Amino acid sequence: MYELVSPVDLSVVLKYTGRLMMAIAVVLAVPMAMALVFMEPYTAAVYGLTAVLVACGGFILVKVLPEGELRWKESLVIAAIIFPFISLLNAFPFALSTGMSLSDSFFEAVSGITTTGLSVAPADVGPVFLFARSWCKIVAAVGRRNRDRHPCSQCPRPAGDECIPPFLRECR
């Protein structure tokens, strides 16, 4: 059959996943702050504990694993695993703070991260859940907003086109 010339470096995948976990922990801390504003200490504790555990896990992965070069193969693996992983990390606080099943919470988290807007949440989930899901959609939408923008901020062209510097535009 086929043989991999150079396999995916799992340590690089895990190290960059650890870095993303630390960023996710910061994102999870915002609903914790909102739970404190809405005076829901149990929900704040759930989000806070989740954020701390995710941050510690990410920190351990970053510190323990050696540095390595991030290549296209590793990037594709990270992109493939990060969406379900982030959804799972968001599903735990959703389930623990609202009493929804883990499958419903996972659906809500996937819906928030992919910004689809579909929901199976009951009507009485509370303001912190609604904020957390909206926050999840905002963070995901920020990442998607710049996806189609050309790397040269001065170019009005789509991302696939060649960038022409402003001083050369008149010459063409």
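Residues numbered from 1 in each chain as written. Predicted model: local features only at pLDDT ≥ 70, side-chain atom pairs only at ≥ 80, totals over all residues. Heavy atoms only, no water.

A. Representation of the overall build of the chain. A tally of regular secondary structure across the chain gives 6 helices and 0 strands. In the chain, which comprises 172 residues, the share counted as buried stands at 31%. Taking as baseline every contact in the chain between residues at least 6 positions apart, the subset at least 24 positions apart corresponds to 60%. (Helix = DSSP H or I, 4+ residues; strand = E, 2+ residues; numbered from the N terminus. Buried < 20%, exposed > 50% of the residue type's maximum accessible area, 1.4 Å probe, protein only. Contact = heavy atoms within 4.5 Å.)

B. Spotlight on the environment of Lys63. By the secondary structure assignment, Lys63 is in helix 2 (residues 41-64). Between the C-alpha atoms of Lys63 and Lys15, which are 48 residues apart in sequence, the distance is 8.3 Å.

C. Quick peek at the side chain of Arg133. By secondary structure assignment, the location of Arg133 is in helix 5 (residues 127-145). Separated by 2.5 Å, the side chains of Arg133 and Ser111 make a polar contact. In this structure Arg133 touches Phe94, Glu108, Ser111, Gly112, Gly117, Leu118 and Ser119, once residues within four positions along its chain are discounted. (Polar contact = N/O pair within 3.5 Å; in protein donor to acceptor, adjacent residues only side chain to side chain.)

D. Examining the packing of helix 1 (residues 10-37) against helix 3 (residues 72-98) more closely. At a minimum axis distance of 10 Å, the contact between helix 1 and helix 3 shows a crossing angle of 35 degrees. Between helix 1 and helix 3 lies a crossing whose hand is right-handed. Contacts between helix 1 and helix 3 pair Val12, Val13, Tyr16, Thr17, Leu20, Met21, Ile24 and Leu28 from the former with Glu74, Val77, Ile78, Ile81, Ile82, Phe85, Ile86, Leu89, Asn90 and Pro93 from the latter. Residues that form the contact of helix 1 with helix 3 fall into these classes: 15 nonpolar, 2 polar and 1 charged. (Axes fitted to C-alpha atoms, helices over the stretch in contact; angles between N-to-C directions. Left-handed = near helix turned anticlockwise from the far one by under 90°. Nonpolar A, V, L, I, M, F, W, Y, C, P; charged D, E, K, R; others polar.)

E. Geometry of the packing of aromatic side chains. Applying the stated criterion across every chain yields a total of 2 aromatic pairs. A ring pair is formed by Phe94 and Phe129, whose centres lie 5.0 Å apart and whose planes are at 70 degrees; its orientation type is edge-to-face. Here Phe129 lies in helix 5 and Phe94 lies in helix 3, a separation of 35 residues in the sequence. Across this residue pair, the class does not change: Phe94 and Phe129 are buried. With centroids separated by 6.3 Å and ring planes inclined at 10 degrees, the aromatic side chains of Phe131 and Trp135 adopt a geometry described as stacked. Of this pair, Phe131 and Trp135 are both found in helix 5, 4 residues apart, which corresponds to roughly one turn of the helix. Residue class for Phe131 comes out partly exposed when judged on its relative accessible area of 25%. One residue, Arg19, lies across the ring of Tyr16, its end atom 4.7 Å from the ring centre. (Phe/Tyr/Trp six-rings, centres within 6.5 Å; stacked < 30°, edge-to-face > 60°. Lys NZ or Arg CZ within 6 Å of the ring centre and 35° of its normal.)

F. Region of the structure containing the environment of Leu61. Looking at the element boundaries, Leu61 is found in helix 2. If near-sequence neighbours (up to four positions away) are discounted, Leu61 is found in contact with Leu14, Lys15, Gly18 and Met21.

G. Region of interest: helix 3. Along its 27 residues, helix 3 runs 39 Å from first to last C-alpha, staying within 8% of the 39 Å computed at 1.5 Å per residue. Roughly 35 degrees is the biggest bend found in helix 3, and it falls at Ile82, with proline Pro84 one to four residues downstream. Note on helix 3: the residue one or two positions beyond its end, Gly99, has a positive phi of about 85 degrees. (Expected span 1.5 Å × (residues − 1). Bend = angle between axes of the 7 residues up to and from the residue.)

Remember that the coordinates give geometry; whether it matters functionally is a separate question.
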